[in-house]
Amino acid sequence: GVGGVEKVLPQELSKVGPTVMLAYGGGSIKRTGLYDQLCTLLQQAGKRIIDFGGITSNPTYEKVLEGAQIVNQEQVDFILAVGGGSVVDGVKIIAAAAKAPKDLWEMEFEDHQFPTEGVPFGIVLTLSGTGAEMNALAGITNEAQKRKTAVVGRYGEFSILDPTYLLTVPEKQLAAGIFDNLSHCMETYFGRGNCVSDDMNEAVMENIVQNAMAWKQSPQDVNILGNLMWDSSIVQSSILGLGKDSDFQCHSIEHQLCAYTNCCHGMALAVIHPLYYKLVAKTAPEKFARFGQTVFGLDTSGSVEEQASQAIQALYEFIETLGLDHSFSQMGISVSQETLKTVAQTCGISNGALRTLTRDEVLQILTEGL
């Protein structure tokens, strides 16, 4: 809630050791004054501050290893992650890599072993949408391997979510976060299985859509921003996936595209999702029709197939209302057909999908996204 840093952070800092790494991104927290506020609170708590900025969107493995090295060199007791999902993801892996018995990437992807220890950290969230504050997974790009994927890190000890911080975020960036949030819902909802989790998911998706539309009309309303922030946390609490096989095919495609283009995660997902759903909707038209009725309030006239098509059109129009692009070229991504073929051949194929895509179908989605 509003004022969460002042209310909560001092008491949390009293529980940790004397050396704290302050980790953040490109410097927006300095422009908004949050950096100075946090430094003051850390100093008042008697902490030695280790400054670690420059965690970029789509954080790289090289950067997190740099952070882990500093953690060990400076004997850091606690990390304070300040930023959006990229900063939080970076810190999850810094925290785990600093205490891992060997290279974390090799440990997870070659030995199939996962971290059990790590440096504790807390979160001050300045951009919602990824839900990164609610889990231990991190989207990390290994530039040497041309691969972006989910890496297992460490859970945060606490998260402070003050919706007023969203007031400083550029509108299109916040819109991308909103769509990323909805994307997490959809990729769980359209996975195999039907249970009470889907009913809860529908309520959250409807809330995201309603508050997103309200935000476009009243972008300074902190209550609206607070709802969107809370939606994001609920989605990534894992409760909506219980009893389901989640279908994160769109995320898999986007992650690998990002490894080659460093594209904006939420914006690229907004291009990929409608194209993917047009391809697979015939597999479960009833589910897409239900999605249109409950999330977008569409009527129930026409055949189930027509209702499914209308639901995908409503999603397309929602993306347009958010002000997001409908193609990679509109996003400013210049990518060759050869690169798209490589992305299609190397991205993960979802096991929880309504139906399994072929590599040619992945390429079709990417090509249509141009």
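Structure shown above.
Attention here is on the structure that accompanies the text. Just so we're clear, the structure is a prediction, and the values are computed from it rather than from any experiment.

Some remarks on helix H10 (residues 249–261)
Along its 13 residues, H10 runs 18 Å from first to last C-alpha, staying within 8% of the 18 Å computed at 1.5 Å per residue. Burial analysis of H10 places ten of its 13 residues in the buried class, the great majority of the element. Those residues of H10 lying buried are Gln 249, Cys 250, His 251, Ile 253, Glu 254, His 255, Gln 256, Leu 257, Cys 258 and Ala 259. Contacts from the buried residues of H10 go to strand E5 (137–142), strand E6 (147–152), helix H7 (171–189), helix H11 (265–280), helix H14 (337–346) and helix H15 (359–368). Looking at the residues trailing H10, positive phi occurs at Asn 262, about 55°.

Some thoughts on helix H3 (residues 34–44)
Every buried residue of H3 is listed here: Leu 34, Tyr 35, Leu 38, Cys 39, Leu 41 and Leu 42. Along the long axis of H3, the arc covered by the buried residues comes to 165°, so they all point the same way. Exposed residues lying more than 90 degrees from the buried face of H3 are Asp 36, Gln 43 and Gln 44.

What about the environment of Ile 208?
With respect to the secondary-structure elements, Ile 208 resides in helix H8 (residues 196–217). Setting aside residues no more than four positions away along its own chain, Ile 208 makes contact with Ile 178, Asn 181, Leu 182, Cys 185, Leu 228 and Asp 231.

Points about the packing of aromatic side chains
Tallied over the entire structure, the rule returns 13 aromatic pairs. Aromatic side chains Tyr 61 and Trp 105 sit 5.3 Å apart centroid to centroid with 55° between the ring planes, which places their arrangement in the tilted category. Residue Tyr 61 is found in helix H4 (residues 61–73), and its partner Trp 105 is found in helix H6 (residues 104–109); the two are separated by 44 residues along the sequence. For the pair Tyr 61 and Trp 105, one class covers both residues: buried. With a centroid separation of 6.0 Å and an interplanar angle of 15°, the aromatic rings of Phe 78 and Phe 158 are classed as stacked. Highlighted residues: Phe 78 in strand E3 (residues 78–83) and Phe 158 in strand E7 (residues 158–161), separated in sequence by 80 residues. Owing to a relative accessible area of 1%, Phe 78 belongs among the buried residues under this scheme. We classify Phe 158 as buried; its relative accessible area is 11%. In this structure an aromatic cluster arises from ring pairing among Tyr 189, Phe 190, Tyr 276, Tyr 277, Phe 288, Phe 291, Phe 296 and Phe 318.

The rules behind the values
Residues numbered from 1 in each chain as written. Predicted model: local features only at pLDDT ≥ 70, side-chain atom pairs only at ≥ 80, totals over all residues. Heavy atoms only, no water. Helix = DSSP H or I, 4+ residues; strand = E, 2+ residues; numbered from the N terminus. Expected span 1.5 Å × (residues − 1). Buried < 20%, exposed > 50% of the residue type's maximum accessible area, 1.4 Å probe, protein only. Contact = heavy atoms within 4.5 Å. Arc of directions from axis to C-beta. Phe/Tyr/Trp six-rings, centres within 6.5 Å; stacked < 30°, edge-to-face > 60°.

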